Each structure stands twice: as C-alpha cells, then as structure tokens.
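Letter by letter, the chains look like this.
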Amino acid sequence: MNKIKRIIFEELWSIYQCFFLFIPGRVGHYIRGYCLKIFFKKAGRKITIKENVEIYHPEKLIIGNNSGFGRNNIIDCIGGVEIGNHVRLGPAVMIASMHHARAGESIASSTITTEKVVIGDDVWIGHSVTILPGITIGSNCIVAAGAVVTKNIPDHSTVAGIPARIISESN
C-alpha cells in the first residue's frame, strides 16, 4: 500500500474508532461487525465486535462467519491473523503477531519480526488469554481463561495454564 493510501486508511480507521468503538448492546456489536468489513482483508457474515476492541492493521485480518471479539480485545494483525468460522474470543484477549525483541537483544537495536496467527473453526478463547506470534490453534479447541499460548495447539484440544498445556483431547 503506498504512503498516501496508507495515511487515508489510517485516518478512516481513526474516524471509525471515534464514532463506533463504544456503542453499547447487541446493536453496537453488529454495527461494528458490519462497518468493519470494509477494513478487513476478508470477512465472513454475522461478525460481532463488542465494545472497546482495538485492532491494529485490520487490513491483514481474515475472519470467518459467525465469529466475534469480546470486550477489550487487542488484536495486532501486522503479521497477519486468520480466524475461522464460529470462533469466540472472551473479554481481554490479546493476539500478537509481532516480536519487538528477543532475549539478549537490546531494545534499541532489536529488529521487529512478524509471524501469522491462525485460529481454526469452532474455537472458544477464554477471558484474558494471550496468543503469541506464529501460533496455530486447531479446530474444535478451547483455550481456558488466563492461558498464555506459546506453542501450536492440535485440533480437538483443551488447553490451560501459563504456558498453555493440553489438559484434554477429544475426537
């Protein structure tokens, strides 16, 4: 995206946040979901976005049908985020797709790296979950509240803890 288009896009995004970020209730959830589609790389039907959701680089977000964000989510899409169908994020979920620094590097000289996050279909992400860059969460998974996802999660798994570990698997 050239610089002028990028600036216009960012200004339109700021206007959206000013007018739509805090509309309460179900009407607000669907208004935000409907209005945001124009900013996303790809968007399904019946997306819900609750109050105070921050999405950075929405042009790199793909979200499927009947999926939604909970209150106070922070979604950093700079490295790309793909969310499947029927996915629900609880309140205060953080998805990161960018590394600022690595252990042993000084912050001043660190290089920023990005990695895509992929979440399969039929996934529940609980309250205050953190998903780190480069993670793939399979389909039909549950991520328990407060988990920090540092490794990929296979299909049909339930994970919990810091770092998140598989606590059950089903078919």
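Report on the accompanying structure.

Basis of the calculations
- Along each chain, residues carry numbers from 1 onward, in the same order as the chain's sequence is written.
- Where local features are concerned, this predicted model is filtered to residues with pLDDT of at least 70; where side-chain atom pairs are given and counted, the filter is 80 or more; whole-chain, interface and lining totals use all residues.
- Here the side-chain values reflect all heavy atoms present in the structure, with hydrogen atoms and water set aside.
- Buried residues of nine kinds, namely Ala, Val, Leu, Ile, Met, Phe, Trp, Tyr and Cys, make up a nonpolar core once their side-chain atoms join them within 4.5 Å.
- Per-residue accessibility, obtained with a 1.4 Å probe over protein chains only, is compared with the maximum for each type, and a residue is labelled buried under 20%, exposed over 50%, and partly exposed between these values.
- Under the scheme used here, helices are H or I runs from DSSP no shorter than 4 residues and strands are E runs no shorter than 2 residues, and both carry numbers assigned from the N terminus.
- Contact between two residues is taken to exist if any of their heavy atoms lie within 4.5 Å; hydrogens are not considered.

**A short note on the nonpolar core**
Formed by 36 residues in total, the largest nonpolar core has its most connected members in Ile55, Phe69, Ile119, Ile125, Ile131 and Ile137. With three residues, the single largest contributor to this core is helix α1 (residues 3–20). Sequence-distant contacts of Ile125, that is, excluding residues within four places in its chain, are made with Arg88, Leu89, Gly90, Val93, Ile119, Ile131, Ile137 and Val143.

**What about the environment of Thr111?**
For Thr111, the position within the fold is in the loop between β10 (98–99) and β11 (113–114). When the C-alpha atoms of Thr111 and Ala101 are compared, they prove to be 6.5 Å apart, with ten residues separating the residues in sequence. When neighbours within four sequence positions are excluded, Thr111 is seen to be in contact with His99, His100 and Glu105.

**Considering unusual backbone geometry**
Look at the link from Ile162 to Pro163: it is a cis peptide, with omega at -10 degrees. Structurally, Pro163 is set in the loop between β18 (157–160) and β19 (165–169). A positive phi angle, near 60 degrees, is found at His57, a position not held by glycine. Despite not being glycine, His156 has its phi angle at roughly 60 degrees, a positive value. Summarising the element assignment, His156 is placed in the loop between β17 (148–149) and β18.

Limitation: the analysis is restricted to geometry and does not speak to function.
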